[in-house]
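Chains, contacts and geometry: an overview
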Amino acid sequence: MISPLDKISPIAQVGAADKTEQPEKADRSIGSFGSIFQSAIDNVIATDQEKTKMEYQLAVGELDNPALLTIASAKYQVAVDLLVQLRNKAVDAYSELTRISL
């Protein structure tokens with residue numbers, strides 16, 4: 001047996017309540033969402049610069065320990081992989097949202 005539905009509040013009341021609360025929530029979520037991506041992008045840029053510096057130092061003979069270049073390259077690859085995974089998850093979430101029918 002299907003249970004009866006609860007009383008649905010009028011649309012005008014719901015809309016008025018949502019208008020006051022949504023901008024604050026949206027601003028926080030957009031800010032944190034954007035800051036996560038910006039942090040990942042900054043991390044990729046920083047690790048790329050570090051790797052490029054190590055490659056230059058190795059090429060001119062200033063790098064004493066070549067293992068440092070390997071470590072820097074691995075850090076860069078992990079940073080890029082993380083950024084790609086974040087992008088993939090964001091695209092998946094967006095596609096899920098577009099499939100929702102109201």
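Details of the structure are given in the entry above.
Residues numbered from 1 in each chain as written. Predicted model: local features only at pLDDT ≥ 70, side-chain atom pairs only at ≥ 80, totals over all residues. Heavy atoms only, no water.

Considering the side chain of Thr47
- Mapped onto the elements of the fold, Thr47 is located in helix 1 (residues 11-60).
- A polar contact of 2.9 Å, which involves the side chain of Thr47, links it to the backbone oxygen of Asn43.
- Those residues in contact with Thr47 that sit more than four places away from it in its chain are Lys75, Tyr76 and Ala79. (Helix = DSSP H or I, 4+ residues; strand = E, 2+ residues; numbered from the N terminus. Polar contact = N/O pair within 3.5 Å; in protein donor to acceptor, adjacent residues only side chain to side chain. Contact = heavy atoms within 4.5 Å.)

Some thoughts on the environment of Thr52
- Assignment of secondary structure puts Thr52 in helix 1.
- Exposure remark for Thr52: the relative accessible area of 39% places this residue in the partly exposed category.
- Note: C-alpha distance between Thr52 and Ala72 (20 residues apart in sequence) is 8.9 Å. (Buried < 20%, exposed > 50% of the residue type's maximum accessible area, 1.4 Å probe, protein only.)

Quick notes on a nonpolar patch on the surface
- Taken together, Leu97, Ile100 and Leu102 make up a surface patch of nonpolar side chains, about 420 Å² in accessible area.
- Following the sequence through the fold, Leu97 ends up in helix 2 (residues 67-99).
- Accessibility expressed as a relative area gives 58% for Leu97, which makes it exposed. (Patch = residues over 30% accessible without salt bridge, like charges linked within 9 Å, V, L, I, M, F, W, Y side chains within 5 Å. Areas by Shrake-Rupley, 256 points an atom, 1.4 Å probe, with all protein chains shown as cover. Salt bridge = Lys/Arg side-chain N within 4 Å of Asp/Glu carboxyl O.)

Some remarks on the environment of Leu68
- The topology assignment puts Leu68 in helix 2.
- With relative accessibility at 38%, the residue Leu68 sits in the partly exposed group.
- Every residue in contact with Leu68, bar those within four places of it in the chain, is listed here: Met54 and Leu63.

Comments concerning helix 2
- For helix 2, spanning 33 residues, the distance from its first C-alpha to its last is 48 Å, which sits close to the expected 48 Å at 1.5 Å a residue.
- Where helix 2 is concerned, the buried positions are Leu69, Ala72 and Ala79. (Expected span 1.5 Å × (residues − 1).)

Focus on the pattern of salt bridges
- Going through the model one piece at a time under the given rule, you end up with 2 salt bridges.
- Among the salt bridges present, the one from Glu96 reaches Arg99, with a minimum N-O distance of 2.7 Å. Taken as a pair, Glu96 and Arg99 lie in helix 2 at a separation of 3 residues, close to a single helical turn.
- On the basis of relative accessibility, which here comes to 45%, the residue Glu96 falls in the partly exposed class.

A few points about the packing of aromatic side chains
- In the structure shown here, the tally under the stated rule is 0 aromatic pairs.
- The aromatic ring of Tyr76 is capped on one face by Lys51, whose charged end is 5.0 Å from the ring centroid. (Phe/Tyr/Trp six-rings, centres within 6.5 Å; stacked < 30°, edge-to-face > 60°. Lys NZ or Arg CZ within 6 Å of the ring centre and 35° of its normal.)

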